[in-house]
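The lines below spell out each chain.
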Amino acid sequence: MSNEKRPYRMKRRAELEERTRLRITESAVALHEELGPAHTSISAIAERAGVRRSTVYRHFPDEETLFDACSSHWRAENPPPDPGAWSSIEDPEERTRTALGAMYAFYRRTEPMYVSLLRDEPLVPVVARRLRDFYDYLRVVGDDLAAGRGLRGRRARYARAALGHALAFPTWRSLTQQQGLRDDDAVELMSRLVEEAADSGTARA
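The paragraphs below set out a description of the structure included in this document. (Residues numbered from 1 in each chain as written. Predicted model: local features only at pLDDT ≥ 70, side-chain atom pairs only at ≥ 80, totals over all residues. Heavy atoms only, no water.)

## Digging into the overall build of the protein chain
In terms of regular secondary structure, the protein chain is built from nine helices and zero strands. Its helices and strands in sequence order give the protein chain the pattern α-α-α-α-α-α-α-α-α, from N to C terminus. The C-alpha radius of gyration of the protein chain comes to 22 Å, more than 25% above the 17 Å expected for a compact globule of 205 residues. In terms of overall dimensions, the protein chain has C-alpha extents of about 85 × 35 × 30 Å along its principal axes. By the burial criterion, 39% of the 205 residues in the protein chain qualify as buried. Put simply, 71% of the contacts in the protein chain that link residues at least 6 apart link residues at least 24 apart. Accessible surface, the protein chain: about 11800 Å² in total, of which carbon and sulfur atoms supply 50%. Between the centroid of the 33 positive side chains of the protein chain and the centroid of its 32 negative side chains there is a distance of 6 Å. (Helix = DSSP H or I, 4+ residues; strand = E, 2+ residues; numbered from the N terminus. Rg over C-alpha atoms; globule rule 2.2 N^0.38 Å. Buried < 20%, exposed > 50% of the residue type's maximum accessible area, 1.4 Å probe, protein only. Contact = heavy atoms within 4.5 Å. Areas by Shrake-Rupley, 256 points an atom, 1.4 Å probe, with all protein chains shown as cover. Lys, Arg positive; Asp, Glu negative; His and termini not counted. Charge placed at Lys NZ, Arg CZ, Asp CG, Glu CD.)

## Quick notes on helix 7 (residues 153-167)
In this model, helix 7 (15 residues) spans 21 Å end to end at C-alpha, consistent with the 21 Å of a helix rising 1.5 Å per residue. Inspection of helix 7 places Ala159, Ala162, Leu163, Ala166 and Leu167 among the buried residues, and these make up the whole buried set. Down the axis, helix 7 shows its buried residues gathered within 125 degrees of arc, on one side only. Opposite the buried face of helix 7, at more than 90 degrees from it, the exposed residues are Arg157 and Ala161. (Expected span 1.5 Å × (residues − 1). Arc of directions from axis to C-beta.)

## What to know about the layout of surface pockets
By volume, the largest pocket amounts to about 200 Å³. Looking at the largest pocket, it is lined by 15 residues, and the ones nearest its centre are Thr40, Ile42, Ile45, Glu63 and Leu66. Residue assignment for the lining of the largest pocket shows that the elements contributing at least two residues are helix 2 (42-49) and helix 4 (63-77). Tallying contributions element by element places helix 4 first for the lining of the largest pocket, with three residues. (1 Å grid on protein atoms, 1.4 Å probe; cavity = no way out; pocket = protein on both sides within 12 Å on 5 of 7 lines; lining within 4 Å. Points joined across faces, edges and corners; volume = space filled by probe spheres on them.)

## So, the environment of Arg58
Of note, Arg58 is situated in helix 3 (residues 53-59). Expressed as a C-alpha distance, the spacing of Arg58 and Leu181, which sit 123 residues apart in the sequence, is 47 Å.

## Concerning helix 4
For helix 4, which comprises 15 residues, the first-to-last C-alpha distance of 21 Å matches the rise-based estimate of 21 Å (1.5 Å per residue) to within 8%. Among all positions of helix 4, only Leu66, Phe67, Ala69, Cys70, Ser71 and Trp74 are buried. Near the N-terminus of helix 4, the side chain that reaches the backbone nitrogen of Glu64, with its oxygen 3.2 Å away, is that of Asp62. (Polar contact = N/O pair within 3.5 Å; in protein donor to acceptor, adjacent residues only side chain to side chain.)

## Notes on the packing of aromatic side chains
What the rule picks out here adds up to 12 aromatic pairs. With 5.2 Å between their ring centres and 85 degrees between their planes, Tyr107 and Phe169 make a pair best called edge-to-face. With a gap of 62 residues between them, Tyr107 in helix 5 (residues 92-120) and Phe169 in helix 8 (residues 169-178) connect regions that are remote in the sequence. Of the residues examined, Phe169 reaches a relative accessible area of 6% and is grouped as buried. Feature note: the residues Trp74, Phe106, Tyr107, Tyr114, Phe134, Tyr137, Phe169 and Trp172 constitute an aromatic cluster, connected by ring pairs. (Phe/Tyr/Trp six-rings, centres within 6.5 Å; stacked < 30°, edge-to-face > 60°.)

Everything listed here is a matter of coordinates, which is why it stays silent on function.
In structure tokens form, the structure reads like this:
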């Protein structure tokens, strides 16, 4: 009889361990968003998750593994916009407006986390490493939006710089939080900036 119960007990134990791991991960994510990674201690994570510090270390022996788990969990819950939603739009201006609309809606949903991450980026090396992936994503989006414009030289540089600026989280936050624009107004303004940049070097390109 005991042999029959053993697989059940092992399965039950594995399920409990997975739940504990998830609870620790979710607690760390919440604290990273509220306080920032630089101010999130293992003790605070353990207290929020209702476990001991040793339990946290048993699941996540170092900062890297913990942050990787937090990042994967948060991204699964908050995926960035899929470039496929606008990549097939032939008109460059419409493609830019569509992309900026999607990005600014994403920033609106995820603002607290990005505020914390960007503030702590210079302080926590693992944060800087993980943010590189997001910066690479933004560069790919910018390249996609610059394509099909037939720009070269100065015009290409201006347009690409304007796109990079328009896609950045600090730009969205400045326009909406400091300058008080609505998201759609910010999209309109940055779209005009990109088009002006693309035309600005016509006479000298």
